[in-house]
Amino acid sequence: MSRAARLSVGAGEVALFASDMHLGDHDPNTAAQFFKALDAQASSITHLFLLGDIFEAWVGDDQPDQVAAALGERLKGLVNQGVRVALMRGNRDFLLGSDGPDLAWPERCGALLLDDPTLVELFGEPVLLAHGDAWCTDDHAYQRFRTEVRSEGWQARFLSRPLAERLAIAREMRTQSERNKQGHDIGDVNEAAVRAALITAGVRRAIHGHTHRPGSYSLGEGLERWVLPDWLAASGRGGVLRVGAEGWESVLPNLPAA
Ligand SMILES: [Mn+2]
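Read on for a plain summary of the structure. Note on numbering: residues in each chain are counted from 1, in written sequence order. Local features in a predicted model are, by the rule used here, given only for residues with pLDDT of at least 70; side-chain atom pairs are given and counted only at 80 or more, and totals for whole chains, interfaces and linings are based on all residues.

On to the overall build of the protein chain. Helix and strand content of the protein chain: 8 helices and 12 strands. Counting only C-alpha atoms, the protein chain reaches 50 × 40 × 40 Å along its principal axes. For the protein chain, long-range pairs separated by at least 24 residues make up 74% of all intrachain contacts whose partners lie at least 6 apart in sequence. Going along the chain from the N terminus, every DSSP run of H or I of four or more residues is numbered as a helix, and every run of E of two or more is numbered as a strand. The contact rule is simple: place each C-beta atom from the backbone, and if two of them lie within 7 Å, those residues are in contact.

Here is the structure:
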């Protein structure tokens, strides 16, 4: 859990949630559509939560990427207008914020880096936020990989490599994952794992991404998970969740026409 005081969204405030934009210079159309949706919401929100896989890949906070720079400028603009911006790592951008408190990308944008999972308070209700990949417990191979790449040793070794080498490794991993995706979908969460996390945290609802299966799913006994959509302009996919005094509302931007 986060060491920072629990973030709380309440009276007169509006929180926006998004995840799995998979941003990067490889896909300017998806970036353009996400930025358009964010700009349309910017003047009416007080909190922005980006729950992981913000970027398609992240080799370290020195990653040169024009789309990341453009997102960073937008986040700084939001922070300057008084919006609290909070970011979480996903399974693709798990090295986000690895450069330490002074140099790290989230801090440079004025954003808070959240632990996964994190509890927040939405209009008096504690809600669990997560990327979602840790709950895909049926995928044993992925969980082994996740444990390995989240270890301090692996990360220290990877980050000690020159930038060019890290970028080459990321390109290779991306090619590999494209190949694996053919005929092999992203797995879904294990519902018992989510239920256990909710019960441990003592909350009723979770918000997560990762599975590319947007919607709200009942877990029984009044427990529920809300799944954020992924973004892909080429397939017309994307969307955000707006939480205000009036409730939880899924907002689907007019997607085709990048
Ligand atoms: Mn993911």
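Additional details are given in the paragraphs that follow.
Our focus in this paragraph is the sheet that holds strand S11 (residues 240-244). Taken together, the 6 strands give an open sheet; going across it, the order is S5-S4-S3-S2-S11-S12, and neighbouring strands pair in mixed fashion. Pairing within the sheet leaves two strands with one partner each, and these edge strands are strand S5 (112-114) and strand S12 (247-251). In this sheet, adjacent strand axes meet at a mean angle of 20° when their direction is disregarded. We treat two strands as partners when DSSP finds at least two bridges between them. Inspection of the sheet shows strand S3 (residues 47-51) paired to strand S4 (residues 84-88) by 5 bridges, in the parallel sense. Within S4, the residue paired with Leu-48 across the bridge is Val-85. For helices, the axis comes from a line fit to the C-alpha atoms of the stretch in contact; other axes are also lines fit to C-alpha atoms, and the angle between any two N-to-C directions lies between 0 and 180 degrees.

Right, let's talk about the sheet that holds strand S1 (residues 8-9) for a bit. Judged by pairing direction, the sheet is mixed, and its 6 strands sit side by side in the order S1-S6-S7-S8-S10-S9 without closing on themselves. With one partner strand each, in any of the chains shown, S1 and strand S9 (215-220) form the two edges of the open sheet. Judged from the 3 bridges that link them, strand S7 (residues 125-129) and strand S8 (residues 205-208) form a sheet pairing that is parallel. Looking at S8, one finds that Leu-128 is bridged to Ala-206.

The term nonpolar core refers to a group of buried residues, namely Ala, Val, Leu, Ile, Met, Phe, Trp, Tyr and Cys, whose C-beta atoms join them within 7 Å. Field definition: a residue is buried when 20 or more other C-beta atoms are found within 10 Å of its C-beta, exposed when 12 or fewer are, and partly exposed for counts in between, with C-beta atoms placed from the backbone. Formed by 58 residues in total, the largest nonpolar core has its most connected members in Phe-17, Leu-23 and Leu-129. For this core, the element with the highest residue contribution is helix H2 (residues 66-80), accounting for 5 residues. Beyond its immediate sequence surroundings of up to four residues, Phe-17 is in contact with Phe-49, Leu-51, Ile-207, Leu-228, Val-240 and Leu-241.

Quick look at helix H8 (residues 191-201) now. The set of residues buried in H8 consists of Val-194, Ala-197 and Leu-198. Burial along H8 is one-sided: seen end-on, the buried residues are contained in an arc of 100°. Set apart from the buried face of H8 by more than 90 degrees, the exposed residues are Ala-192 and Thr-200. After H8 finishes, the residue Gly-202 shows a positive phi value of roughly 70°. An arc is given here, and it is the one of the directions from the helix axis to the C-beta atoms.

Okay, the packing of helix H1 (residues 28-42) against H2 next. It is at 11 Å that the axes of H1 and H2 come closest, and there the two elements cross at 5°. One way to sum up the angle between H1 and H2 is to call them roughly parallel. Here Pro-28, Ala-31, Phe-35, Leu-38 and Ala-42 of H1 come into contact with H2, specifically with Val-67, Ala-70, Arg-74 and Leu-78. Nonpolar residues are Ala, Val, Leu, Ile, Met, Phe, Trp, Tyr, Cys and Pro. Charged residues are Asp, Glu, Lys and Arg, and all others, Gly as well, are polar. For the contact of H1 with H2, the class distribution of residues is 8 nonpolar, no polar and 1 charged. Each angle receives one of four descriptions, namely roughly parallel if under 35 degrees, roughly antiparallel if over 145, roughly perpendicular if within 65 to 115, and oblique otherwise.

Interpretation note: all reported values are geometric properties and have no functional meaning in isolation.
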